Protein chains: 4
Amino acid sequence: MTENAETPQAGPERGRHDKLGRQRALMDWAKVVFSERGYDTATTREIAQRAGCSEGLIHRYFGGKPGLLAAVLQQRELSRTVDLTAGMPRQATVEEELVRFMEWEIEKSWDDRATMRVTVSRAVIDPIIGDRAREFFQATRVDFLRERLAWHQGEGRIRKGLDMGVVAAAISGFAFNSGFFAQVAFQEPQELVKSEARTIAAVLARGLAP
Amino acid sequence: MTENAETPQAGPERGRHDKLGRQRALMDWAKVVFSERGYDTATTREIAQRAGCSEGLIHRYFGGKPGLLAAVLQQRELSRTVDLTAGMPRQATVEEELVRFMEWEIEKSWDDRATMRVTVSRAVIDPIIGDRAREFFQATRVDFLRERLAWHQGEGRIRKGLDMGVVAAAISGFAFNSGFFAQVAFQEPQELVKSEARTIAAVLARGLAP
Amino acid sequence: MTENAETPQAGPERGRHDKLGRQRALMDWAKVVFSERGYDTATTREIAQRAGCSEGLIHRYFGGKPGLLAAVLQQRELSRTVDLTAGMPRQATVEEELVRFMEWEIEKSWDDRATMRVTVSRAVIDPIIGDRAREFFQATRVDFLRERLAWHQGEGRIRKGLDMGVVAAAISGFAFNSGFFAQVAFQEPQELVKSEARTIAAVLARGLAP
Amino acid sequence: MTENAETPQAGPERGRHDKLGRQRALMDWAKVVFSERGYDTATTREIAQRAGCSEGLIHRYFGGKPGLLAAVLQQRELSRTVDLTAGMPRQATVEEELVRFMEWEIEKSWDDRATMRVTVSRAVIDPIIGDRAREFFQATRVDFLRERLAWHQGEGRIRKGLDMGVVAAAISGFAFNSGFFAQVAFQEPQELVKSEARTIAAVLARGLAP
DNA sequence: CATGAATGAGTATTCATTCAT
DNA sequence: GATGAATGAATACTCATTCAT
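Structure report, in brief. Quick caveat, the model's predicted, so the values are computed rather than measured. (Residues numbered from 1 in each chain as written. Chains lettered and ligands numbered in written order. Predicted model: local features only at pLDDT ≥ 70, side-chain atom pairs only at ≥ 80, totals over all residues. Heavy atoms only, no water.)

## Details of the overall build of chain A
So, point 1. Of regular secondary structure, chain A possesses nine helices and zero strands.
So, point 2. Secondary structure elements of chain A occur, N-terminal to C-terminal, as α-α-α-α-α-α-α-α-α.
So, point 3. Taken along the three principal axes of its C-alpha coordinates, chain A extends 65 × 30 × 30 Å.
So, point 4. Across chain A, every contact between residues at least 6 apart in sequence was considered, and the portion connecting residues at least 24 apart equals 67%.
So, point 5. In the form shown here, chain A has an accessible surface area of approximately 8,900 Å², with 51% of it arising from carbon and sulfur atoms.
So, point 6. When the 30 basic and 29 acidic side-chain charges of chain A are each reduced to a single mean position, those positions are 3 Å apart. (Helix = DSSP H or I, 4+ residues; strand = E, 2+ residues; numbered from the N terminus. Contact = heavy atoms within 4.5 Å. Areas by Shrake-Rupley, 256 points an atom, 1.4 Å probe, with all protein chains shown as cover. Lys, Arg positive; Asp, Glu negative; His and termini not counted. Charge placed at Lys NZ, Arg CZ, Asp CG, Glu CD.)

## With respect to the relation of the copies chain C and chain D
Copy one and copy two of the chain differ by a rotation about an axis and a translation along that axis.
So, point 1. Note on the copies: chain C fits chain D at an RMSD of 1.2 Å, the axial shift is 0.1 Å, and the rotation between them is 180°. Between the two chains, the operation in question is that of a two-fold axis. Taking C-alpha positions as reference, the residue of chain C nearest the rotation axis is Ser121(C), located at 1.6 Å.
So, point 2. A share of 98% of interface residues in chain C that are also interface residues in chain D marks the association as one of identical surfaces. (Least-squares fit on C-alpha atoms with pLDDT ≥ 70 in both.)

## Some thoughts on the side chain of Gln153(C)
All names here are of chain C.
So, point 1. Examined against the element boundaries, Gln153 turns out to sit in helix α7 (residues 127-154).
So, point 2. Among the polar contacts listed, one links the side chain of Gln153 to the backbone oxygen of Arg159, at a separation of 3.3 Å.
So, point 3. Reaching out from Gln153, the side chain makes a polar contact with the backbone oxygen of Leu162 at a distance of 3.1 Å.
So, point 4. The residues contacting Gln153, other than those within four sequence positions of it, are Ile158, Arg159, Lys160, Gly161, Leu162 and Met164. (Polar contact = N/O pair within 3.5 Å; in protein donor to acceptor, adjacent residues only side chain to side chain.)

## Considerations on the interface of chain C and chain D
So, point 1. The partner chain D presents 46 residues to the 42 residues of chain C that form the contact.
So, point 2. Of the roughly 3,700 Å² buried between chain C and chain D on both sides combined, carbon and sulfur atoms contribute 67%.
So, point 3. If you look at where chain C meets chain D, you find zero salt bridges.
So, point 4. Where chain C meets chain D, there are 12 residue pairs in polar contact (both at pLDDT 80 or more).
So, point 5. Elements with a minimum of two residues in the side of chain C that touches chain D: α6 (113-123), α7, α8 (164-185) and α9 (190-208) of chain C.
So, point 6. Top contributing element to the side of chain C that touches chain D by residue count: α8(C), with 12 residues.
So, point 7. Among the residues forming the side of chain C that touches chain D, the class breakdown is 24 nonpolar, 10 polar and eight charged. (Buried area = accessible area lost by both parts, 1.4 Å probe. Salt bridge = Lys/Arg side-chain N within 4 Å of Asp/Glu carboxyl O. Nonpolar A, V, L, I, M, F, W, Y, C, P; charged D, E, K, R; others polar.)

## Remarks on the pattern of salt bridges
Residues and elements named next belong to chain A.
So, point 1. Tallied over the entire structure, the rule returns 57 salt bridges over all chains.
So, point 2. Across the pair Arg76 and Asp112 runs a salt bridge whose closest N-O atoms are separated by 3.2 Å. Within this pair, whereas Arg76 is found in helix α4 (residues 65-87), its partner Asp112 is found in the loop between α5 (94-111) and α6 (113-123), the two being separated by 36 residues in sequence. Per residue, the accessibility class of Arg76 equals that of Asp112, and both read buried.
So, point 3. One network of salt bridges, in which partners are shared, links Glu36, Arg37, Glu46 and Arg50. (Buried < 20%, exposed > 50% of the residue type's maximum accessible area, 1.4 Å probe, protein only.)

## Quick word on the packing of aromatic side chains
So, point 1. One pass over the full model with this rule turns up 32 aromatic pairs over all chains.
So, point 2. Ring centres of Phe176(B) and Phe180(B) lie 5.9 Å apart, and the angle between their planes is 20°; this geometry places the pair in the stacked category. With Phe176(B) and Phe180(B) both in helix α8 (residues 164-185), this residue pair falls four residues apart, about one helical turn. As far as burial versus exposure is concerned, Phe176(B) and Phe180(B) are alike and both buried.
So, point 3. Ring centres 5.0 Å apart and planes at 55° place the aromatic pair Phe176(C) and Phe181(D) in the tilted group. Residue Phe176(C) is located in helix α8, and its partner Phe181(D) is located in helix α9 (residues 164-185); the two belong to separate chains.
So, point 4. On the basis of relative accessible area, Phe176(C) is assigned to the buried category, the value being 3%.
So, point 5. For Phe181(D), a relative accessible area of 3% corresponds to the buried category.
So, point 6. A connected cluster of aromatic rings, assembled from ring pairs, spans Phe176(A), Phe180(A), Phe181(A), Phe186(A), Phe176(B), Phe180(B), Phe181(B) and Phe186(B). (Phe/Tyr/Trp six-rings, centres within 6.5 Å; stacked < 30°, edge-to-face > 60°.)

## Points about the arrangement of the chains
So, point 1. The least C-alpha distance between chain A and chain C, which are not in contact, is 21 Å.
So, point 2. Without any contact between them, chain B and chain D keep their closest C-alpha atoms 30 Å apart.

Geometry only, nothing functional implied.
And the structure:
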């Protein structure tokens, strides 16, 4: 739940050969600077300075400022998907399944709120980032949740006739809204957000039951 | 459902003295341009050109680009709560109530997509705008919905013991997500979004029932 | 025969509104700076500074550095063509016609050697400028000379059966070589160049005679 | 007539120690890249990449980009006068002599167009290179042609009283113009250029005859 | 010796803002 | 009051060169 991005590792010593270390430092600080200033207002110069290396590297390694944002976004979602699919065991009840899913989203959203702010702010405007963001934010999560719900449906805990794809999409959207909008953008306290999520999970579970 | 903001009135004839007409044209086109390009990427030149007047006026009237954004953001707050309370009669069932509420949100979000893009894109980054946006996007709607749900609860159509404030907040968040994110930002077709909303409304209504 | 481009008029007073004056100053100083440093090495900053106005104007008025070069080139050739066709009366003999033509080319090349240096240096490499330069350098002059020679041929001073188009092209090329290459690039003294031209004109006239 | 410079030998295998091979590869590709892009626009990176070795070597071997250009420019001076005098037997008529000379120039210019582009593009701007270029392009050829013409004059095929030095200089200039400018810079088809040259050779021969 | 990672000075271009007309 | 010409500060990106490996 801590914001690990606020104080990235210092980059490699000046002049030393360390491509990987510099790429990492650049991406880490990009997250910070982008989130402090917004994508447009952030300057490649500041990112490079704080990462402790030369501006040109941003262009050499990532193909410029837009490439850097894309790289940050990608890296973030890669690690998150792994985390989602690996880290969450199946739950015994639908309600518990939904609660876990929402809590996970809420916590993860908080962890990298910095990156999410920039990404969303940009996605709303730039269709390229928008598409990418949708894929990242939604697709993997909806797939995951649909599979879980379908399994519960198969086990007879959800009534037949409901399309789990649609339900999963809707619930995933709700979770995203809680995690990002309510919590990050509108700054509601996490406990409140989570409690709302639990309430709604209960209602939904009851509504889904046979 | 038509986008009234995409083609604002052309401003007053060039060179004519018409302060009010020019201010309106400038603000109308600012919404469009800000929403098309984002605040930073938008240029005062383009706004002025499309509004049919000179760049200098943006500074004279609004104190520059930030002032213009502020004016746009502020103006919007006036007009919306009205139609919400006025235009929507109480419904006989909870499901119908939720369906209406969500559809209204989805349609309004579409009509207003230009302004919403600007606002959200900024709100996500700038906490001050974020606060204002929350109040506007959420508070009024949550109040409205809570009152409605409480009424249904009083009528015995929703089981006791549930906090309608929490439920209303959650549902309102979901509606916002459908209307703005799914539909506007991620460009899903309105019919799909609405159909998802109806499905989830049914599930929720069932979950709320005594 | 003086190089008028070396000390252009000072541009308009700073801040004054004078679009035309600034365009002129910019073009005048572009000639100088381009010729002093070469196209690539010249900087828009220096051009603007010496012209006494802001860098942005180069982009607003001419569409950037390449546009500025093109503008300079065009203006120069425009005035030259007028000069050529207006200023040269028909001569009584073929030899005199050729001598006059060559001397004109040699003198004009010297007058704006600065611009020619840049243009040629660039034309050799950049096909766009190359094509344009060929048109300017050759087409108008070849047309002019062909017409003159055809007239002499009609008068019986040149033998039938020779294609005046081919002859004109060749002679024009030779003149260009004398005026620019020998004189400007290779720095041979003008008198020597002219005397060579006169000699060859005599030989050619004799060779063309019936 | 084939362009041997356009596809130089690939350099030595990567990482192998082969100083001489690398120097040659670097110079060969420098000619090509300089001529394709011009000196300033060419990048050491591209040259090194195409030569198949690392950028650093350009600095180690040649002392940087300017040094590489100097090396290219210098190397060329060695090889050309030889084939001129060796390869061309005396002709029986003046016209044939001129035709041969011009055709030789046109063909050589084409073969060497890469180097010529670089050289001319620089010579036009840089007086030092200009001087060297004149010596090379002109002096040797003028000497050669003067000797030939003087011989024809001695044989009574050219009228007395004409200064063969002046005539040779003029004709050599004309040949240079055809070979380089018309053909290489302005991209006229070689056959057209040659045919023009033949026409003018006939006219000149006739003009020179006693 | 050869590599390629790293540098930083330098450039064209953009744009909000000012101000002469 | 309205215009649009002019400004200059700011920015992403390039590239010759250096130097750790």
